[in-house]
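Survey of secondary and tertiary structure
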Amino acid sequence: MPADPQPPGTGARIPDGDEARLVARTLAGDRAAFGTLVERYAAQARRVARAVLGDPDDADDAAQDGLLSALVKLAQYDPRRPFGPWLMRIVANAATDRRRRRTVRWTEQLDPGLAGGGPRPDADAERAALGERLRAALKQLTPRRRMAVVLFDVEGYAHGEIAEILGIPEGTVRSEVFHARRQLRALLQDWKEA
Amino acid sequence: MNDTPTRFDHRPDPVLGAALRHALEPGDQAAFVARVVAGFDVARTAAAPTWEVLAGWAGRGIAAATVAALLAGLLLARSPRASVGVEEAFASTAEGGATTALLTGLRPPDASVVFATLVER
């Protein structure tokens, strides 16, 4: 099973391929076709949900809710349009709803040493520490800003598609991505300079 | 990371993207996929409109109702209804008398019995 069809760091979105055929088979009751769709989009859905919720368990619950909600609404999907943005909108809504329903746990607490620009960790731990630092930095952004930057820089969606996913104007998406990047860079500045 | 971002930068930042991707990387993918796919049947049931669910049951419902009606008819047809004549009813109704016997008897009364009741009065 391909764990994730998108190579890390490319920002390239999952190419639209045979989703329409898989959707048609799923609607006809083909569980394997649904499984293929889930495999293809699971990692992306989980990352988007985590961008909203922070806690990985909450995020997985929301991603699961979103994917199954998409299955319930699958007959409403227009196969002439790309599948990814349609699905991500449902996942983003599921994550946002979950966030509204309860106080979300943020398990990632920024290490005081990292927050204060303390000594840089050993090279072996650098990657893990950067991940921790980024998660803490993301926490400082609004959920919509987090989703915008993750959908753009991580998942490779275009501004117009993100506008469709988040239900906001394209200009607002550009602004959210811009401000998210600026905030993240500012929060990570001392990391770069260390 | 791109150090000089502008509002018009429409290209994804590969360095920031890779770092964020690593930071948000989910855990066991296979377990998650299995968990979602396990909900397939329940979600599909929820997806079906009510009338479709009812229609799905209609065929079996009609068949069951037909079988039940046939069985009921068969049982009624085969059950031996006590064919009580007026004479037996008259004999068993000690206090009700002939009128009761005439009303409870299922077979047409014999004329002699009717005559006897009149004589009795």
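Structure first, text after, so check above.
Everything numeric here is computed off the predicted structure, so don't read it as measured data.

What counts, and where the lines are drawn
Residues numbered from 1 in each chain as written. Chains lettered and ligands numbered in written order. Predicted model: local features only at pLDDT ≥ 70, side-chain atom pairs only at ≥ 80, totals over all residues. Heavy atoms only, no water. Helix = DSSP H or I, 4+ residues; strand = E, 2+ residues; numbered from the N terminus. Buried < 20%, exposed > 50% of the residue type's maximum accessible area, 1.4 Å probe, protein only. Contact = heavy atoms within 4.5 Å. Salt bridge = Lys/Arg side-chain N within 4 Å of Asp/Glu carboxyl O. Buried area = accessible area lost by both parts, 1.4 Å probe. Polar contact = N/O pair within 3.5 Å; in protein donor to acceptor, adjacent residues only side chain to side chain. Nonpolar A, V, L, I, M, F, W, Y, C, P; charged D, E, K, R; others polar.

1. Points about the overall build of chain A
In terms of regular secondary structure, chain A is built from 10 helices and 0 strands. For chain A, the succession of helices and strands along the chain, N to C, is α-α-α-α-α-α-α-α-α-α. Expressed as a percentage of its 194 residues, the buried residues of chain A come to 51%. Look at the contacts in chain A between residues 6 or more apart in sequence, and 70% of them connect residues 24 or more apart.

2. Some remarks on helix α8 (residues 159–166) of chain A
All names here are of chain A. Buried residues dominate α8, accounting for 6 of its 8 residues. Buried residues of α8: His159, Glu161, Ile162, Ala163, Ile165 and Leu166, and no others. Among the structural elements, α4 (83–101), α7 (143–154) and α9 (170–187) are those in contact with the buried residues of α8. Remark: Gly167 follows α8 within two positions and exhibits a positive phi of approximately 70 degrees.

3. As for the pattern of salt bridges
Residues and elements named next belong to chain A. Throughout the structure, instances matching the rule amount to 19 salt bridges over all chains. Two residues, Arg144 and Glu176, come together in a salt bridge whose shortest N-O distance is 2.7 Å. Of this pair, Arg144 sits in helix α7 while Glu176 sits in helix α9, and the two are 32 residues apart along the sequence. Take Glu176: its relative accessible area is 5%, and that puts it in the buried class. If you follow the salt bridges from partner to partner, you end up with Asp18, Glu19, Arg21 and Arg40 in one network.

4. Topic: the interface of chain B and chain A
With 40 residues of chain B in contact, the opposing surface of chain A contributes 54 residues. Buried surface at the junction of chain B and chain A, summed over both partners, amounts to about 4200 Å²; 64% is from carbon and sulfur atoms. Summed over the shared surface of chain B and chain A, the number is 4 salt bridges. Here Arg31(A) makes a salt bridge to Asp41(B), at a shortest N to O gap of 2.7 Å. For the interface between chain B and chain A, the tally reads 15 residue pairs in polar contact (both at pLDDT 80 or more). Every element with two or more residues in the side of chain B that touches chain A is listed here: α1 (14–23), α2 (29–37) and α3 (40–47) of chain B. In terms of residue count, α1(B) provides more of the side of chain B that touches chain A than any other element does, 9 residues in total. Along the lines of polarity and charge, the residues of the side of chain B that touches chain A split into 21 nonpolar, 8 polar and 11 charged.

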